Amino acid sequence: MRKENGQIGYLSESLTIPEFFDLIRPNTEQRSNLIDFSPVIEVLHSIHAQFVDQSIIEKYNSVFNYWQESKSYSNMQIRLPKFESLSLLSNELINSLQLKIEKSEVYYGVRRRDGASDNLKKVKAIQSDCDAYIDVLLCFIHSKASLEIESFKNDVVLGEYCDFLWRAILKIYKNIIEFSDRNNEIRLDDSSLLYYLAFMENQEVNYYTGLLPYFDGIKDLRVKFIYGCGNSKFYDDFGEEINSIDVKYRNPHLDELKAAKILRDLLYKIMSIAKLVKKLKKGDIEWDSRKYSIEELQQLVFSETVEVVE
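About the cut-offs
- Residues numbered from 1 in each chain as written.
- Predicted model: local features only at pLDDT ≥ 70, side-chain atom pairs only at ≥ 80, totals over all residues.
- Heavy atoms only, no water.
- Axes fitted to C-alpha atoms, helices over the stretch in contact; angles between N-to-C directions.
- Helix = DSSP H or I, 4+ residues; strand = E, 2+ residues; numbered from the N terminus.
- Contact = heavy atoms within 4.5 Å.
- Nonpolar A, V, L, I, M, F, W, Y, C, P; charged D, E, K, R; others polar.
- Pairing = 2+ DSSP bridges.
- Core = buried A, V, L, I, M, F, W, Y, C linked by side-chain atoms within 4.5 Å.
- Buried < 20%, exposed > 50% of the residue type's maximum accessible area, 1.4 Å probe, protein only.
- Phe/Tyr/Trp six-rings, centres within 6.5 Å; stacked < 30°, edge-to-face > 60°.
- pLDDT = per-residue confidence, 0-100.
- Polar contact = N/O pair within 3.5 Å; in protein donor to acceptor, adjacent residues only side chain to side chain.
- 1 Å grid on protein atoms, 1.4 Å probe; cavity = no way out; pocket = protein on both sides within 12 Å on 5 of 7 lines; lining within 4 Å.
- Points joined across faces, edges and corners; volume = space filled by probe spheres on them.

A.B. asks: Please give an account of the packing of helix H1 (residues 38-48) against helix H10 (residues 291-301) that cites residues and values.
C.D. replies: Contact pair H1 / H10: the axes reach a minimum separation of 8 Å and the direction vectors enclose 35 degrees. Counted together, Pro 39, Val 40 and Val 43 of H1 and Ile 294, Leu 297, Gln 298 and Val 301 of H10 form the full contact between these two elements. Among the residues forming the contact of H1 with H10, the class breakdown is six nonpolar, one polar and no charged.

Pasting the structure below:
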């Protein structure tokens with residue numbers, strides 16, 4: 001799903017969610033505001049609670065319910081112990097999800113060994129775990145920001161949580177598109193689905209390659225592919241010598257493309273929340289819990305401005 005600015009976003013019927021880092025809005029030349037993004041957390045929970053694995057659903061709902069309760073208190077002496085309990089619950093669930101995601105890395109099969117449909121089921125399970133992981137991070141960030149937003153300057157845990165998820169999902173993503181960057185060199189398998197995307201969906205392929213290291217120097221993947229193709233010569237009906245390039249690329253299974261898109265979108269979501277954490281760590285940001293700011297965000301969440309990319 002593509003938004004007007006070209007970024008990957010969430011989509012559920014008429015629901016659109018802003019980039020997480022865009023929740024920070026300029027206030028003055030020196031400072032910015034982080035809007036109370038309760039509406040974002042609430043609507044994401046309503047979507048993802050339907051798909052969360054039964055092994056973690058109880059903990060997932062407990063984190064959300066505890067977050068809902070803790071933010072209802074205005075007395076800081078009450079809120080602080082509530083936040084501490086929320087922090088413990090969040091860390092416990094994130095650690096459980098990390099173990100699940102690490103196992104998924106091991107169990108995910110390469111295309112030539114496991115079927116595309118089986119791998120798609122595994123990727124959808126990974127998607128559910130990652131959505132829950134991000135939702136828990138949002139609850140944690142929200143509570144921490146509403147209590148003491150300056151505390152992010154000294155935080156290292158949230159950044160590490162984002163880094164873990166990025167590395168884990170990128171590894172599986174590379175397997176799906178058959179990409180390697182061993183020894184800091186780009187290596188694409190001849191049957192990589194990126195070649196199919198380059199020729200058949202060229203306007204989209206950059207959203208895939210943009211997530212990969214060392215890809216900046218390649219402006220058009222089609223040109224790179226053609227240089228590696230075999231060529232032959234023949235004479236046409238007028239006796240003129242003709243050079244021919246034999247271009248062949250694999251048509252991937254539809255489920256391969258679906259799996260790649262799911263992981264691509266997950267990586268953009270992880271980038272988005274990681275950028276939010278980095279901005280908060282830099283400081284000079286104030287917490288904005290004004291009613292009209294929250295209402296404005298709520299209207300945006302339910303606006304109908306998202307374009308669906310098939």
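A.B. asks: So what's going on with the sheet that holds strand E4 (residues 32-35)? Which residues, and what values?
C.D. replies: Strand order across the open sheet formed by three strands is E3-E4-E9, with mixed pairing between neighbours. Only two strands of the sheet have a single neighbouring strand rather than two, namely strand E3 (24-26) and strand E9 (285-288). Within this sheet the neighbouring strands show an average axis-to-axis angle of 35 degrees, counted without direction. As judged from the four bridges shared by E4 and E9, these two strands associate in the parallel manner. Residue pairing in the sheet places Ser 32 in a bridge with Ile 285 of E9. Against the sheet, helix H9 (residues 254-282) makes contact with E3, E4 and E9, and its axis sits at roughly 50 degrees relative to E3, the strand it touches most.

A.B. asks: Would you mind going over the nonpolar core in detail, with residue names and values included?
C.D. replies: Counting residues in each nonpolar core, the largest one holds 83 residues, and the members touching the most others are Leu 34 and Ile 169. Ranked by the residues each element gives to this core, the list is headed by helix H4 (residues 116-148), at 15 residues.

A.B. asks: So what's going on with the packing of aromatic side chains? Which residues, and what values?
C.D. replies: In total, this model carries four aromatic pairs according to the counting rule given. Judged by centre distance (6.5 Å) and plane angle (70 degrees), the rings of Phe 37 and Trp 287 are edge-to-face. Remark: Trp 287 occurs in strand E9 and Phe 37 occurs in the loop between E4 and H1; sequence separation between them is 250 residues. For Phe 37, a relative accessible area of 0% corresponds to the buried category. Seen from their ring centres, Phe 83 and Phe 140 are 5.8 Å apart, and the 55 degrees between their planes marks the pair as tilted. Taken as a pair, Phe 83 in helix H3 (residues 76-107) and Phe 140 in helix H4 lie far apart in primary sequence, 57 residues in all. For the pair formed by Phe 83 and Phe 140, the shared burial category is buried.

A.B. asks: Any chance you could break down the confidence of the model for the protein chain for me, citing the residues and the numbers?
C.D. replies: The predicted structure's coordinates, where accompanied by low pLDDT, should not be read in detail. For the protein chain, mean pLDDT is 83; residues scoring 70 or higher make up 85% of the total. Here strand E1 (residues 11-12) stands out as the element of the protein chain with the lowest mean pLDDT, 44, in contrast to E4, whose mean of 94 is the highest. Within the model, the stretch residues 4-8 combines pLDDT values under 50 with 13 contacts to residues more than four positions away or in other chains. This stretch, residues 304-310, has a pLDDT under 50; its non-local contacts, to residues over four places away or in other chains, come to 14 contacts.

A.B. asks: Lay out the side chain of Asp 288 with the relevant residues and their values.
C.D. replies: As for its placement among the helices and strands, Asp 288 is situated in strand E9. A distance of 2.9 Å separates a polar atom in the side chain of Asp 288 from a polar atom in the side chain of Ser 293. Those residues in contact with Asp 288 that sit more than four places away from it in its chain are Asn 33, Leu 34, Ile 35, Asp 36 and Ser 293.

A.B. asks: Go over unusual backbone geometry with me, naming the residues and quoting the values.
C.D. replies: Positive phi, close to 55 degrees, is recorded for Glu 178, a residue that is not glycine. Tracing the chain through its elements places Glu 178 in the loop between helix H5 (157-177) and strand E5 (179-180). Looking at Glu 178, the relative accessible area reads 13%, which means it is buried. At Asp 284, a position not held by glycine, the phi torsion is positive, near 60 degrees. Looking at the secondary structure, you find Asp 284 in the loop between H9 and E9.

A.B. asks: Could you give me a rundown of the layout of surface pockets, with the residues and numbers involved?
C.D. replies: Considering only enclosed or pocket space, the second largest pocket measures out at about 230 Å³ in volume. In this structure, the second largest pocket is lined by twelve residues; those nearest its centre are Ile 270, Met 271, Ser 272, Ala 274 and Lys 275. For the lining of the second largest pocket, the elements supplying multiple residues, two or more each, are H5 and H9. Tallying contributions element by element places H9 first for the lining of the second largest pocket, with seven residues. The residue makeup of the lining of the second largest pocket, split by class, is six nonpolar, two polar and four charged.

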